[in-house]
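One letter stands for each residue in the lines below.
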Amino acid sequence: MLTTLQTAYTDTRAGDLAWCLGKDELPALAVLDRELPGTAEGATPAAPSAQVQLRLLGASHQVLLDSPRGRCSETVACMPGSSAQLPVGVARRIAGWDYAFAARIETLSRGSFAGRAQELLALVADHPNGLAGTFPGDPLAFTAMLVQYRGGSVLWRTWHAYPQEGRLVATRSALVAQP
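Below you will find a few notes about this structure.

## Topic: the overall build of the chain
Moving on, step 1. Along the chain, the regular secondary structure elements total one helix and twelve strands.
Moving on, step 2. The N-to-C order of helical and strand elements in the chain reads β-β-β-β-β-β-β-β-α-β-β-β-β.
Moving on, step 3. In terms of principal-axis extent, the alpha carbons of the chain reach across some 50 × 35 × 25 Å.
Moving on, step 4. Residues counted as buried form 47% of the 179 residues belonging to the chain.
Moving on, step 5. For the chain, contacts bridging at least 24 residues in sequence account for 59% of all contacts bridging at least 6.
Moving on, step 6. Per element, the accessible surface of the chain, about 8,200 Å² overall, is 53% carbon and sulfur.
Moving on, step 7. Distance between charge centres in the chain, computed from 15 positive and 15 negative side chains, equals 5 Å.

## Section: the pattern of salt bridges
Moving on, step 1. Summed over the entire model, instances satisfying the criterion amount to six salt bridges.
Moving on, step 2. Across the pair R13 and D16 runs a salt bridge, and its minimum N-O distance is 3.3 Å.

## Remarks on the packing of aromatic side chains
Given two aromatic rings, one states the distance between the centres and the angle between the planes to describe the pair.
Moving on, step 1. Overall, the coordinates contain two aromatic pairs when judged by the stated rule.
Moving on, step 2. Ring centres of W19 and Y99 lie 6.4 Å apart, and the angle between their planes is 25°; on these two criteria the pair is classed as stacked. Of this pair, W19 sits in strand β2 (residues 18-21) while Y99 sits in strand β8 (residues 97-107); the two residues are 80 residues apart in sequence, bridging distant segments of the chain.
Moving on, step 3. Accessibility expressed as a relative area gives 2% for Y99, which makes it buried.
Moving on, step 4. Taken together, a centroid distance of 5.8 Å and an interplanar angle of 35° make the contact between W19 and F101 tilted. Residue W19 is found in strand β2, and its partner F101 is found in strand β8; the two are separated by 82 residues along the sequence. In this structure, W19 and F101 share a single accessibility class: buried.
Moving on, step 5. Three or more aromatic residues joined by ring pairs make a cluster, and in this case those are W19, Y99 and F101.

## Thoughts on the nonpolar core
Moving on, step 1. Core analysis: the biggest nonpolar cluster contains 32 residues, and L65, L86, Y99, F101, V154 and L175 have the highest contact counts within it.
Moving on, step 2. Counting residues in hydrophobic clusters, the runner-up holds 14 residues, among them A132, L140, A161 and A170.

## Some details on the sheet that holds strand β11 (residues 153-162)
Moving on, step 1. Across the sheet, which stays open at both edges, the seven strands sit in the order β1-β9-β10-β11-β12-β8-β7 with mixed pairing between neighbours. Looking at which strands have only one partner, the edges of the open sheet turn out to be β1 (2-4) and β7 (89-94). Ignoring strand direction, the axes of neighbouring strands in this sheet form an average angle of 15°.
Moving on, step 2. Pairing between β7 and β8: six bridges, direction antiparallel. The residue of β8 that forms the bridge with I94 is W97.

Scoring rules and cut-offs
- Residues numbered from 1 in each chain as written.
- Predicted model: local features only at pLDDT ≥ 70, side-chain atom pairs only at ≥ 80, totals over all residues.
- Heavy atoms only, no water.
- Helix = DSSP H or I, 4+ residues; strand = E, 2+ residues; numbered from the N terminus.
- Buried < 20%, exposed > 50% of the residue type's maximum accessible area, 1.4 Å probe, protein only.
- Contact = heavy atoms within 4.5 Å.
- Areas by Shrake-Rupley, 256 points an atom, 1.4 Å probe, with all protein chains shown as cover.
- Lys, Arg positive; Asp, Glu negative; His and termini not counted.
- Charge placed at Lys NZ, Arg CZ, Asp CG, Glu CD.
- Salt bridge = Lys/Arg side-chain N within 4 Å of Asp/Glu carboxyl O.
- Phe/Tyr/Trp six-rings, centres within 6.5 Å; stacked < 30°, edge-to-face > 60°.
- Core = buried A, V, L, I, M, F, W, Y, C linked by side-chain atoms within 4.5 Å.
- Pairing = 2+ DSSP bridges.
- Axes fitted to C-alpha atoms, helices over the stretch in contact; angles between N-to-C directions.

Okay, here's the thing in structure tokens:
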């Protein structure tokens, strides 16, 4: 799903992004809810057992997952008062899950940036588990998210585009059910 976010583009530097686990639900400009099959112990593949919510914020993204194993909340955003930078990688145990997070920042030429932005927006806009929002004023300023369930794991990727810097922030997160 692709939408135009009804807010000013305030998240203007890739270096301003911070990562946080466990943050309460923040106001969202766009939301995509999905049920994921078989993520609880003993669940049959056809039975939905976890709810994941992709949330586009005025300051980037939040992913909320609720399951019988527990809740996970990941936020990557410009958070007022936060001095924490976006980590390259994190691994934690969260409520019956092994959680892993990785981030990278790419700097691209103007032409490469435009091509990559269009490619990512097309990928996410047409995906049933994808959510992307462009910011008014620049169609290359966007946040995009994609979630999937694979073999007992919940995986999501996000992209945050900063055309004025020619920078693209890509994150990859995974929740793997503990035995």
